[in-house]
Amino acid sequence: MIELHRVSKVYSVGPVKVPALREVSFQIGKGEFVVLTGASGAGKTTLLRLLYRDDLPSEGDVEVLGQGLMQMRRSQVAALRRSIGVVFQDAKLLPVRTVYENVAFVLRVLGTPRREITARAFDALRAVGLSARAQAYPAQLSQGEAQRAALARAIVRRPPLLLADEPTGNLDDAMAAEIVDVLKDIGAGGTTIVLATHQARLAAALRRRTLTLEGGRVMKDEG
Amino acid sequence: MLGFLVGEALRDLRRAGRVAVSAVVLITLSLAALGSFWLVSSNLGRAVAKWRDRVRIVVYLKREPPGGDVAALLERVRVMPGVAGVVFIGKADALRALKQVLGKDAGVVDQLPVNPLPASLEVTPSAAAATPEGARELLARLAVLPEADEVAGSADWVERFSHWQRLLTTIGLGVGAVLAAAAILTVTTATTLILHARRHETEIMRLVGASELTIRLPVLLQGMMQGLAGATLALGALLVTYSVVAPRLEPLVSLTLGLSQLVFFTPVGVVALLGAGTLLGGLGGWLARAAREP
């Protein structure tokens, strides 16, 4: 499903080179739930951005869903992303659209037939326990609800791979637990999940395979 | 999918608010200016074409040829290059025509001891010869006829009028082009604001793998909608102005230009004007998109 081979990423800030990832190699199989943990600045977000091809590595090879990401045309990148759901710490909901519209937006953008959109959007909202808040605007949601809405938007296309970048970063423990439960449910359906979090306690509580990043290197691969 | 793209474009237009309205107003003004000059110019063009058809060259004859020679003379003139038609006007015909012109004063003519009017040939030039140069060449050819005493007529005045018509068209195009450039810049500004306002949508669209066409088309469409709205308003304003002004001007125009009525745009002209507006708006939208693309 995911394969990284000696991947390094260096950002240039003027004349200064800042290494974000150093010779990272690992494999993630289909249906796995992997936690990517490490302190802020360890390289978690950079790693996820490489996986949905928002950036390219400075060195090494990345393969996702059986495709090498290094030599992709724009249309191929778009096709790849249709098979990946992504969730961010700040949810990134569209503020002028309701929860339902935010979820349906993805389907409409991808040309899903109109008759299927409502059913699929509500399926996704039910999966995250948010169907009762479908007509609410993002400003009317709690942070936990906003994150669940973002999750519904990410899974509405039923992607085989879900990348979650600090989805519980802004949440208290109770809300974080809700999100983790939803992620577990999604994972139980066969979706491969990569969850990045700086919360070591959360990572430990999940009892899943955990990759620990430090200074851009994978220091531990446990579980 | 088309419904979604159009819906997004309309949503963007609402977001742009006053700037979008300004762009529509500028497109309306530029196309109304262009359309006005176009209408005036096309009506003048009709007058010029009509007058070109009426250009005549008259060959005054030294003496009236005997009846049998008239047909031969007409045939010799008819085969000359640049001649579309020729009519013989005898001395008696000329006098009759003069009497008709004089009307109630026609009795004066009867006082004359002899008919002083010469017989003549009224030559209609072909379309190619109804230009100043063509008319001059035809005059030279007719002047060497042994029967010709004097040759009169030219197309210079028609050409001068045609020159003014072309000048008017050029001014119209110039004014329209300046206003069109301003309209494009305004649409570009409106679209730039829209692109900023929809940056979150664009980010999500790219994230979920929308095609570039789906991402770009709403931006282009909203520009085209502004252009089409401006063109429709301009067309409406021109139609209202034409409906009010044309009936009042037509008596004067009939007297001076010889046109019985003023015409509005043909269906092709209407489509061209609407197309021009849509193109202007689309260009503004495209320029903004190109400027914001990484």
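Please refer to the structure higher up on the page.
Residues numbered from 1 in each chain as written. Chains lettered and ligands numbered in written order. Predicted model: local features only at pLDDT ≥ 70, side-chain atom pairs only at ≥ 80, totals over all residues. Heavy atoms only, no water.

Regarding helix H5 (residues 143–155) of chain A
With 13 residues, H5(A) extends 18 Å from end C-alpha to end C-alpha; this agrees with the ideal 18 Å at 1.5 Å per step. For H5(A), the tally of buried residues reaches twelve of 13 residues, placing the bulk of the element in the interior. Turning to H5(A), its buried residues are A:Gly144, A:Glu145, A:Ala146, A:Gln147, A:Arg148, A:Ala149, A:Ala150, A:Leu151, A:Ala152, A:Arg153, A:Ala154 and A:Ile155. Looking at the buried residues of H5(A), the elements they touch are strand S6 (84–87), helix H3 (99–109), helix H4 (114–127), strand S7 (161–165) and helix H6 (173–188) of chain A together with helix H8 (199–207) of chain B. (Helix = DSSP H or I, 4+ residues; strand = E, 2+ residues; numbered from the N terminus. Expected span 1.5 Å × (residues − 1). Buried < 20%, exposed > 50% of the residue type's maximum accessible area, 1.4 Å probe, protein only. Contact = heavy atoms within 4.5 Å.)

Overview of the interface of chain A and chain B
Taken together, the 19 residues of chain A in the interface contact 21 residues of chain B. With both chains or domains summed, chain A and chain B bury close to 1700 Å², and 63% of this area falls on carbon and sulfur atoms. When residues of chain A are sorted by the area they lose upon contact with chain B, A:Arg74, A:Arg97 and A:Val109 head the list and together hold 30% of the total. Counting across the chain A and chain B interface gives four salt bridges. Counting across the interface, chain A meets chain B through seven residue pairs in polar contact (both at pLDDT 80 or more). Taken together, the elements giving at least two residues each to the side of chain A that touches chain B come down to helix H2 (74–81) and H3 of chain A. Top contributing element to the side of chain A that touches chain B by residue count: H3(A), with four residues. (Buried area = accessible area lost by both parts, 1.4 Å probe. Salt bridge = Lys/Arg side-chain N within 4 Å of Asp/Glu carboxyl O. Polar contact = N/O pair within 3.5 Å; in protein donor to acceptor, adjacent residues only side chain to side chain.)

Some points on the sheet that holds strand S1 (residues 2–13) of chain A
Residue and element names in this part refer to chain A. Taken together, the four strands give an open sheet; going across it, the order is S2-S1-S4-S5, and neighbouring strands pair in antiparallel fashion. Looking at the sheet topology across the chains shown, the edges are occupied by strand S2 (16–28) and strand S5 (67–68). When S1 meets S2, the two strands line up antiparallel, connected through nine bridges. Note on S2: the bridge partner recorded for tyrosine 11 is valine 18. Running over the sheet, helix H1 (residues 44–51) touches S1, S2 and strand S4 (59–64) and is turned about 115° from S1. (Pairing = 2+ DSSP bridges. Axes fitted to C-alpha atoms, helices over the stretch in contact; angles between N-to-C directions.)

Quick notes on the packing of aromatic side chains
Counting across every chain of the model gives six aromatic pairs over all chains. Between A:Tyr100 and A:Phe122, the ring centres sit 5.4 Å apart and the planes meet at 25°, which makes this aromatic pair stacked. On the criterion of sequence distance, the pair formed by A:Tyr100 in helix H3 and A:Phe122 in helix H4 is long-range, its members being 22 residues apart. Aromatic side chains B:Trp38 and B:Phe265 sit 4.8 Å apart centroid to centroid with 55° between the ring planes, which places their arrangement in the tilted category. (Phe/Tyr/Trp six-rings, centres within 6.5 Å; stacked < 30°, edge-to-face > 60°.)

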